[in-house]
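Survey of secondary and tertiary structure
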Protein chains: 2
Amino acid sequence: MTSINFDHISANPLLPEVKEAMIAAINHDYHNPSSQHRAGEQAAEALERARESVAKLINAAMPKEIVFTSGGTESINHAIKGVALANAEKGKHIITSNIEHNAVIRSLRRLKSAGFNVTSLSVDGTGRVNPQDIADALSDETVLVSIMHANNETGTLQPVEEIAQICRDRKVIFHTDAVDSVGVLPFDVQKTGVDLLSFASNTFYGPTGVGGLYIRRGTRVFPLLDGGVQENNKRAGTENLIGIIGMGKAAELARRDMDSNLAHVRRLKEKFLEELPHYIDEYIINTHGQHSLPNLVSVSIKYIEGESVVLMLDDDGISASTRSACATGSLRASHVLLSLGLSHADAQGTLVVSFGVDNTDEDITAFLASLKNVVNTLREISPLYKKTYGAN
Amino acid sequence: MTSINFDHISANPLLPEVKEAMIAAINHDYHNPSSQHRAGEQAAEALERARESVAKLINAAMPKEIVFTSGGTESINHAIKGVALANAEKGKHIITSNIEHNAVIRSLRRLKSAGFNVTSLSVDGTGRVNPQDIADALSDETVLVSIMHANNETGTLQPVEEIAQICRDRKVIFHTDAVDSVGVLPFDVQKTGVDLLSFASNTFYGPTGVGGLYIRRGTRVFPLLDGGVQENNKRAGTENLIGIIGMGKAAELARRDMDSNLAHVRRLKEKFLEELPHYIDEYIINTHGQHSLPNLVSVSIKYIEGESVVLMLDDDGISASTRSACATGSLRASHVLLSLGLSHADAQGTLVVSFGVDNTDEDITAFLASLKNVVNTLREISPLYKKTYGAN
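What counts and how
Residues numbered from 1 in each chain as written. Chains lettered and ligands numbered in written order. Predicted model: local features only at pLDDT ≥ 70, side-chain atom pairs only at ≥ 80, totals over all residues. Heavy atoms only, no water. Helix = DSSP H or I, 4+ residues; strand = E, 2+ residues; numbered from the N terminus. Rg over C-alpha atoms; globule rule 2.2 N^0.38 Å. Buried < 20%, exposed > 50% of the residue type's maximum accessible area, 1.4 Å probe, protein only. Contact = heavy atoms within 4.5 Å. Areas by Shrake-Rupley, 256 points an atom, 1.4 Å probe, with all protein chains shown as cover. Lys, Arg positive; Asp, Glu negative; His and termini not counted. Charge placed at Lys NZ, Arg CZ, Asp CG, Glu CD. pLDDT = per-residue confidence, 0-100. Pairing = 2+ DSSP bridges. Axes fitted to C-alpha atoms, helices over the stretch in contact; angles between N-to-C directions. Least-squares fit on C-alpha atoms with pLDDT ≥ 70 in both. Expected span 1.5 Å × (residues − 1). Buried area = accessible area lost by both parts, 1.4 Å probe. Salt bridge = Lys/Arg side-chain N within 4 Å of Asp/Glu carboxyl O. Polar contact = N/O pair within 3.5 Å; in protein donor to acceptor, adjacent residues only side chain to side chain. Core = buried A, V, L, I, M, F, W, Y, C linked by side-chain atoms within 4.5 Å. Domains from an automatic or database assignment. Phe/Tyr/Trp six-rings, centres within 6.5 Å; stacked < 30°, edge-to-face > 60°. Lys NZ or Arg CZ within 6 Å of the ring centre and 35° of its normal. Parallel < 35°, antiparallel > 145°, perpendicular 65-115°, else oblique. Left-handed = near helix turned anticlockwise from the far one by under 90°.

Quick look at the overall build of chain A now. Within chain A, the regular secondary structure consists of 15 helices and 12 strands. Computed over its C-alpha atoms, the radius of gyration of chain A comes to 22 Å, within 12% of the 21 Å expected for a compact globule of 392 residues. If you line up chain A on its principal axes, its C-alpha atoms span 75 × 55 × 35 Å. When the 392 residues of chain A are sorted by exposure, 62% land in the buried category. Looking at chain A alone, contacts between residues at least 24 apart form 74% of all its contacts between residues at least 6 apart. Accessible area for chain A stands at about 14,800 Å²; split by element, carbon and sulfur atoms hold 48% of it. Across chain A, the centroid of the 37 positively charged side chains sits 5 Å from that of the 47 negatively charged ones.

Printed below as a string of structure tokens:
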């Protein structure tokens, strides 16, 4: 059976060079980077090389602004809880949006039960936050604004540069969850002006379970993991060195190949959007036409359920998703899609198609042909479809 | 140059079968275990196989009592902060000891600034907590007792079974940091009766940056990482599957080879202790004669500094440590050794020698010969030594 991955948003394959680097690290048997002897120093050097590579990818002013974490979720928890607790004496107000990842939403929920007030802003029909809404919501009590860069279900990008400027003018710390954009799009922390940036290695074809948190020098944030003095005293615990070495290599390649990778996935996305109407009808594209990830399309297909589409595509050897993998098993409709103004029925009919460097034009054609059959089959048995068009 | 590792407490090499399993996982390109399609299911199956293997190692009643973490430090932070915050309505008192790892001490310090009261118990001259002291310190406000199993600087074991029974009788949650013992010694969570157990993969020759937290079913504990529904809703974030697969394989081998590994390191430790007096004099053994790790000796060598010993042994190709790798860079004497009643000078002269399955009898002989030279050289230039024995 063919095996085509159109679910890169849930998992990217490792690049061959990343595999090589990780296997070399496994065979090297690095000692503990915190140890004093030479074996420890070798490990520390490998760790710092990875840190430099990651710092370059986002143009951090210095490598020590990078903290390695166990992935995007830890980075987000660290940023949000760490800033809130470190600055609680100044105030207990935080601003966010209605379309954030669960790692943001649930970290904030935890803080609410500790007495913090959270303002969660609506997005417009295209899924974007209005920066003026943030300016209006800021108060002397505000210690943190957390707005994501790229939404993982729609691909829509937020105006983080404008938001960062507003926060900077008001001396409020700004965090952005860029887990699904760093390594896909160029991201320059100095130009953008964010104070904290969460990102994950797998987004740019590194291993899962490894991520980073950029902490601009001087930003007041507590560690999430207390203990040893690792990571410049910002994150305790012996490092996942094999994973970090993989992330460092992936960051190096993401930076080197950014332009060609971007061109490749953009072309696939355009081809998909151009050809889609030749295969199915009655759908809604949830992805912003201009401000969006180059490698993702969210499409709500009327009268059917996205979950059924995913399962039937799987029978044809094609992987896709209907929502964030982190929310699989939840029966509720996506909070992101409902925030865009979609009906529950349309939200449930959503398919997230995400492209990668390993996809080809032929993959798109095979995918669309399979999708057409799946949609036709599902609509034939859809009560909603029959109700609209009459039983035959 | 020869390269001998007597610093297994800081880093164990990966077992060949663990390397193989991790390399196979890298080459397999697993998808996201939370994804709905078959590629996701395969990943989920690999994840659950690892969980079963780890559950067996500690005899957990069911695999879902195991939560995979990014290592011992995360497990400890999760246990301590998670129990404290989830049970704060019952009370805000926690009991611990003076010789815990920094991950425990600093997690508790964080809770103190959030209004918790912490009773930190002294140990006796052999480094052990008296269970009666815990019984005496318990109050209606106590929500957690956290006492480590094996100390990472002295190897001394605490009477966790007795402590667990006391806690159970009083319906107080008991956590033990067993990061340096699980996989080295048999540990049965059902027999011991602990509610929470922190452990780390590298202790049993798995990768660093991967660990586990055993949470007895029904124990009230909040997640440390909020977000997605991974790990049975107990720990959010896409899993470090390559590392977890390595940990699963290491757990399987640790269980299979427990008896022979134990016999091997015990013999090395005995040989070391027997032969040591033939090479150096005037030292103190800080490790408990009976209740201690089979693979570690802490020895305070008079008139010299442990850090200098480590650096000079390194010149002979031998790795050892003077204290917890997590505390490297700290200039203060070890809180663990001071708690035993050691003077500052003797604490500074401490060498931690930790054995592994890869060490041989010849390693011990080479190590002792090198140590003799190092100690003689350092004492020749030691002001303390001259003061005691007069300059020559």
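From this point, the narrative continues.
When the pLDDT values of chain A are averaged, the result is 94; 97% of them are 70 or greater. For this predicted complex, the interface score ipTM comes out at 0.95, alongside a pTM of 0.96.

On to the sheet that holds strand 9 (residues 283–285) of chain A, then. Residues and elements named next belong to chain A. Ordered in space as 9-10-12, the 3 strands form an open sheet in which the pairing is antiparallel. The strands lining the two open edges of the sheet, one partner per strand, are strand 9 and strand 12 (350–354). Each adjacent strand pair in this sheet contributes to an overall mean axis angle of 25 degrees, direction not counted. Pairing between strand 10 (residues 296–301) and strand 12: 5 bridges, direction antiparallel. Across the sheet, Ser 300 pairs through a bridge with Thr 350, a residue of strand 12.

Mapping chain A onto chain B leaves a residual RMSD of 0.0 Å; the transformation is a rotation of 180 degrees accompanied by 0.0 Å of translation along its axis. Seen this way, the second copy is the image of the first under a two-fold rotation axis. Looking at chain A, 100% of its interface residues are interface residues in chain B too, so the copies touch through the same face.

Another aspect to go through is helix 9 (residues 241–256) of chain A. An α-helix turns once every 3.6 residues. As a result, residues three or four positions apart point the same way. All names here are of chain A. Taking 1.5 Å per residue, 16 residues should reach 22 Å; helix 9 reaches 23 Å between its end C-alpha atoms and fits that length. Of all 16 residues in helix 9, 12 are buried, a share of seventy percent or more. Those residues of helix 9 lying buried are Leu 241, Ile 242, Gly 243, Ile 244, Ile 245, Gly 246, Met 247, Gly 248, Ala 250, Ala 251, Leu 253 and Ala 254.

It is worth spelling out the interface of chain A and chain B at this point. Contacts between the two partners involve 63 residues from chain A and, on the opposite side, 63 residues from chain B. For the chain A and chain B pair, buried surface summed over both sides reaches about 5,300 Å², with 52% attributable to carbon and sulfur atoms. Sorting the residues of chain A by area buried against chain B places Gln36(A), Arg110(A) and Asp226(A) first, and these three jointly supply 13% of that buried surface. When the shortest N-O distance is used, the salt bridge between Arg38(A) and Asp315(B) registers 2.5 Å. Counting the contacts that link chain A with chain B gives 34 residue pairs in polar contact (both at pLDDT 80 or more). Only helix 1 (16–28), helix 2 (38–57), helix 3 (72–86), helix 4 (102–112), helix 8 (230–233), helix 9 and helix 11 (306–315) of chain A provide two or more residues apiece to the side of chain A that touches chain B.

It is worth spelling out the nonpolar core at this point. Membership of the largest hydrophobic core comes to 144 residues, with the highest contact counts inside it found for Val145(A), Leu197(A), Val145(B) and Leu197(B). In terms of domain composition, this core takes at least three residues from each of domain 1 (4–10 + 258–389) and domain 2 (16–256) of chain B. Other than its neighbours up to four places away in sequence, Val145(A) contacts Ile95(A), Ile134(A), Leu138(A), Ile163(A), Cys167(A), Val172(A), Ile173(A), Phe174(A) and His175(A).

Let's shift gears to the pattern of salt bridges. On inspection of all chains with the given rule, the structure shows 32 salt bridges over all chains. With a shortest N-O distance of 2.7 Å, Asp226(B) and Lys81(A) are connected by a salt bridge. Of the two residues, Asp226(B) sits in the loop between strand 8 (211–215) and helix 8 (230–233) while Lys81(A) sits in helix 3, which places them in two different chains. Across this residue pair, the class does not change: Asp226(B) and Lys81(A) are buried. Residues Lys271(A) and Glu275(A) are paired through a salt bridge, measuring 2.9 Å at the closest nitrogen-oxygen approach. Taken together, the positions of Lys271(A) and Glu275(A), both in helix 10 (residues 258–275) and 4 residues apart, correspond to about one turn of that helix. Overlapping salt bridges bring together Glu17(A), Arg256(A) and Asp257(A) as one network.

This brings us to the packing of aromatic side chains. What the rule picks out here adds up to 14 aromatic pairs over all chains. Taken together, a centroid distance of 5.8 Å and an interplanar angle of 40 degrees make the contact between Phe272(B) and Phe367(B) tilted. Highlighted residues: Phe272(B) in helix 10 (residues 258–279) and Phe367(B) in helix 14 (residues 361–380), separated in sequence by 95 residues. Grouping residues by exposure puts Phe272(B) and Phe367(B) together as buried. Sitting over the ring of Phe222(B), Arg110(A) keeps its end group 4.4 Å from the ring centre.

We now examine the packing of helix 10 of chain A against helix 14 (residues 361–380) of chain A. Residue and element names in this part refer to chain A. The contact between helix 10 and helix 14 brings their axes to 10 Å, and the two run at 30 degrees. Overall, the two elements helix 10 and helix 14 adopt an arrangement that is roughly parallel. Judged by the twist between their axes, the crossing of helix 10 over helix 14 is right-handed. Contacts between helix 10 and helix 14 pair Arg 267, Leu 268, Lys 271, Phe 272 and Glu 275 from the former with Asp 361, Ile 364, Thr 365, Phe 367 and Leu 368 from the latter.

We now examine the environment of Glu307(A). Tracing the backbone through its elements, the reader meets Glu307(A) in helix 11. With a relative accessible area of 41%, Glu307(A) lands in the partly exposed category. The residues touching Glu307(A), leaving out its near neighbours within four places in the chain, are Thr322(A), Gln348(A) and Gln36(B). Of note is the side chain of Glu307(A), whose polar atom sits 3.1 Å from the side chain of Gln36(B).

Let's shift gears to the sheet that holds strand 5 (residues 142–146) of chain A. All names here are of chain A. The strand order 2-8-7-6-5-3-4 describes an open sheet built from 7 strands, whose pairing is mixed. Each edge of the open sheet is held by one strand with a lone partner, namely strand 2 (66–69) and strand 4 (117–121). Strand-to-strand twist across the sheet, computed as the mean angle between neighbouring axes with direction ignored, equals 20 degrees. Across 3 bridges, the pairing between strand 6 (residues 173–177) and strand 7 (residues 196–200) is parallel.

Let us now look at the pairing of strand 7 (residues 196–200) of chain B. All names here are of chain B. With 5 of 5 residues buried, strand 7 lies mostly within the body of the structure. Alternating positions in strand 7 separate into two faces, Leu 196, Ser 198 and Ala 200 on one and Leu 197 and Phe 199 on the other, with burial throughout. Where strand 7 meets strand 8, 5 bridges bridge the pair, whose relative direction is antiparallel. Paired with Leu 197 across the two strands is Tyr 214, which belongs to strand 8.

Moving on, we come to the side chain of Asn286(B). Residue and element names in this part refer to chain B. Counting through the fold element by element, Asn 286 comes out in the loop between strand 9 (283–285) and strand 10 (296–301). Exposure remark for Asn 286: the relative accessible area of 5% places this residue in the buried category. At 2.9 Å, the side chain of Asn 286 forms a polar contact with the side chain of Ser 300. With residues near it in sequence (within four places) discarded, Asn 286 still touches Thr 154, Thr 156, Ser 298, Val 299, Ser 300, Leu 337, Leu 340, Leu 342 and Thr 350.

Residues and elements named next belong to chain A. Within strand 10, 6 of the 6 residues are buried, which leaves it mostly tucked inside the rest of the structure. Burial of strand 10 is two-sided: the residues Leu 296, Ser 298 and Ser 300 facing one way and the residues Val 297, Val 299 and Ile 301 facing the other way are all buried. Sheet topology note: the strand 9/strand 10 ladder contains 3 bridges and is antiparallel. For Ile 285, the partnering residue across the bridge sits in strand 10 and is Val 299.

This next bit is on the side chain of Ser300(A). All names here are of chain A. Along the polypeptide, Ser 300 turns up in strand 10. In this structure the side chain of Ser 300 is engaged in a polar contact, spanning 2.7 Å, whose partner is the side chain of Thr 350. Filtering out sequence-adjacent residues up to four positions away, Ser 300 remains in contact with Glu 282, Tyr 283, Ile 284, Asn 286, Leu 342, Asp 346, Gly 349 and Thr 350.

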